[in-house]
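# Survey of secondary and tertiary structure
So you can see what is in the structure, the chains are spelled out below.
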Amino acid sequence: MTMTESTMESQIPTGTAPGSLAGLRVVELGTSVAGPTTGQILGDLGAEVIKVERVGAGDDTRGWAPPYWGSEPMAFLGLNRNKKSLALDFKDGRGVQVLERLVAGADVLVQNLRPGALAKVGFDLERLRELNPRLVYCEMSGFGPVGPRASEPAYDPLLQAYSGIVSLLDTGEGPPMRVPLSILDKGTGMWAVIGILDALRRRDQSGKGSHVEVSLLQTAVSWVDQKVMGSRAGNPAPRNLGSGHPGVVPYGAFPVEDGHVFISAGNQTLWTRLVEALGARELMERPGFGSNPERAERRAEVNEAVSAATRAFATDELLERLAAAGVPSAPVRPVHEVADDPQVRAVGLVTPLPHPNVPELEVVHLPVTFDGAYLPHQCPPPELGQHSVALLQDLGFSGDEVELMMADGVVGSTATAVGTSA
């Protein structure tokens, strides 16, 4: 079964009405992951998102490859749907004028450039408020707005290391490891959207914009909040339990004939159901296995006993037994199998979004439904400068001005001539 075939089996439709942010204009000075994540979510919610990119190079993720889908880098395709692209050199005086007009007519400005970069070209908070008192300005950074490292740039893995996340994955063997996902970039993008939505609500009440600030560091520390609280309470540093849980046993991945199955026995009732489903009821009578605190004290012994029982089953058989007993469980599977999973197909998360260079492109929906339906996509990830000409004309620049800016490299465009709609 192909992914395209699988998406046709969705039991959750994609609606036709745009999200509630339709009619709002967002300017995204975003690159890499955090800023583009914010812009993409706002675009998914219906806003018009204008992505301002460097002439010639564009967003950094346009060069992050492999992997590709066709000729397009996956890193860019996954973060930039529902946007218009304006390729602009706003260090040039004419580019500054373009950005000034954009800001003056925008509802939201999102930026995750190097700290101080936007202010350096004349767009500090005071100037932005002069241009547009109603502007919601979201500023994203690595280490936060103040402090000894405030001016430093940062990437997701750096903050995973800095915040202690990497230490939680330490097995004591080999080099330190990170979570191989942009959990801090995307998490910061989500916090940014929450802040922006609140700021828009405040604007509805006051008529004034707000300055919203988020950072990868603050996101990272919020993800390890309970670990930090535990350390402040005097508890020892948490040790790596693999797939286990410090306060629940058994909990984690257990071996079967053909792989591993993740099992969560989160309370005493589930422990009883688990051992009965495994045909190992005698474990209930074993000394030290009676309660969860006792089992946590004998973690290795309990896990060894449960593993001995699970090894007698193949994945499908064990999952069937556990499902019948009401014990939470899941197969440990590779990512390439996920899109064709019957449950993933049923909820319709993977959906086609044809692209001019990748006709078979599919993306993962914004994982929220409204009245039983996903929000519709407005457009695929744009080509660099695809909408430059139309946007400049919309901002009131003449054809001659646009042509001269294009000739001088102030603006980049995929349009072949002024007046072309892209």
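Below you will find a few notes about this structure. Computed from a prediction, not measured in an experiment: that's the story for all the values here. (Residues numbered from 1 in each chain as written. Predicted model: local features only at pLDDT ≥ 70, side-chain atom pairs only at ≥ 80, totals over all residues. Heavy atoms only, no water.)

## Here's the deal with the overall build of the chain
What the chain contains, in helices and strands, is 18 helices and 14 strands. Counting over 422 residues, the chain shows a buried share of 43%. As displayed, the chain has an accessible area near 21100 Å², and 54% of this comes from carbon and sulfur atoms. (Helix = DSSP H or I, 4+ residues; strand = E, 2+ residues; numbered from the N terminus. Buried < 20%, exposed > 50% of the residue type's maximum accessible area, 1.4 Å probe, protein only. Areas by Shrake-Rupley, 256 points an atom, 1.4 Å probe, with all protein chains shown as cover.)

## Considering helix α2 (residues 34–44)
In terms of burial, α2 is a largely internal element, 11 of the 11 residues being buried. Buried within α2 are the following residues: Ala34, Gly35, Pro36, Thr37, Thr38, Gly39, Gln40, Ile41, Leu42, Gly43 and Asp44. Those residues of α2 that are buried lie in contact with β1 (25–29), β2 (48–53), β6 (108–111), β7 (136–141), α9 (183–206) and α10 (216–223). Directly beyond the C-terminal end of α2, a positive phi value near 110° is found at Gly46. (Contact = heavy atoms within 4.5 Å.)

## Focus on the pattern of salt bridges
The final tally for this structure, using the stated rule, is 20 salt bridges. Across the pair Arg127 and Glu100 runs a salt bridge, and its minimum N-O distance is 3.0 Å. You can see Arg127 sitting in helix α6 (residues 125–131) and its partner Glu100 sitting in helix α4 (residues 93–104), a full 27 residues away along the chain. The closest approach of N and O atoms between Glu317 and Arg321, which form a salt bridge, is 3.8 Å. In this pair, Glu317 and Arg321 both sit in helix α15 (residues 315–325), four residues apart, roughly one turn of the helix. When its relative accessible area of 39% is taken as the criterion, Glu317 is described as partly exposed. (Salt bridge = Lys/Arg side-chain N within 4 Å of Asp/Glu carboxyl O.)

## With respect to the pairing of strand β9 (residues 251–256)
For β9 and strand β10 (residues 259–264), the ladder comprises six bridges, and the chain directions are antiparallel. Each residue of the ladder has a partner; that of Phe254, found in β10, is Val261. Hairpin connection from β9 to β10: two residues lie between these consecutive antiparallel strands. (Pairing = 2+ DSSP bridges.)

## As for the sheet that holds strand β14 (residues 411–412)
Spatially, β8-β7-β6-β1-β2-β5-β14 is the arrangement adopted by the seven strands of the open sheet, whose pairing is mixed. Since the sheet does not close on itself, it has two edges, and those belong to β8 (211–215) and β14, each with one partner. Packed onto the sheet, α4 meets β1, β2, β5 (84–88) and β6 and runs at close to 150° relative to β5. (Axes fitted to C-alpha atoms, helices over the stretch in contact; angles between N-to-C directions.)

## Regarding the sheet that holds β9
Strand order in the open sheet formed by three strands is β9-β10-β11, with antiparallel pairing between adjacent strands. At either end of the open sheet lies a strand with only one pairing partner, and these are β9 and β11 (329–331). Within this sheet the neighbouring strands show an average axis-to-axis angle of 25°, counted without direction. Across the sheet, helix α14 (residues 299–310) lies against β9 and β10, angled at about 40° from β9, the strand it touches most.

## A look at the side chain of Ser388
Relative to the assigned elements, Ser388 resides in helix α17 (residues 388–394). There is a polar contact of 2.6 Å between the side chain of Ser388 and the backbone oxygen of Gly412. Apart from the residues within four sequence positions on either side, Ser388 is in contact with Ser85, Leu86, Ala87, Val411, Gly412 and Ser413. (Polar contact = N/O pair within 3.5 Å; in protein donor to acceptor, adjacent residues only side chain to side chain.)

## Description of a negative patch on the surface
Together, Glu257, Asp258, Asp316 and Glu320 make up a region of like negative charge exposed at the surface. As for its placement among the helices and strands, Glu257 is situated in the loop between β9 and β10. (Patch = residues over 30% accessible without salt bridge, like charges linked within 9 Å, V, L, I, M, F, W, Y side chains within 5 Å. Lys, Arg positive; Asp, Glu negative; His and termini not counted. Charge placed at Lys NZ, Arg CZ, Asp CG, Glu CD.)

## A closer look at the packing of aromatic side chains
Per the counting criterion, the structure on display carries four aromatic pairs. Ring geometry for Trp191 versus Trp223: centroids 6.1 Å apart, planes at 40°, classification tilted. Highlighted residues: Trp191 in helix α9 and Trp223 in helix α10, separated in sequence by 32 residues. When its relative accessible area of 38% is taken as the criterion, Trp191 is described as partly exposed. Classification of Trp223 as partly exposed rests on a relative accessible area of 41%. With a centroid separation of 5.6 Å and 85° between ring planes, the pair formed by Tyr251 and Phe262 is classed as edge-to-face. Residue Tyr251 is located in strand β9, and its partner Phe262 is located in strand β10; the two are separated by 11 residues in the primary sequence. Under the relative-accessibility criterion, Tyr251 is labelled partly exposed at 27%. Judged by its relative accessible area of 26%, Phe262 is partly exposed. Above the face of the Phe76 ring, Arg62 is positioned so that its terminal group lies 3.8 Å from the ring centre. The ring of Phe397 has Arg101 lying over it, and the distance from NZ or CZ to the ring centre is 3.8 Å. (Phe/Tyr/Trp six-rings, centres within 6.5 Å; stacked < 30°, edge-to-face > 60°. Lys NZ or Arg CZ within 6 Å of the ring centre and 35° of its normal.)

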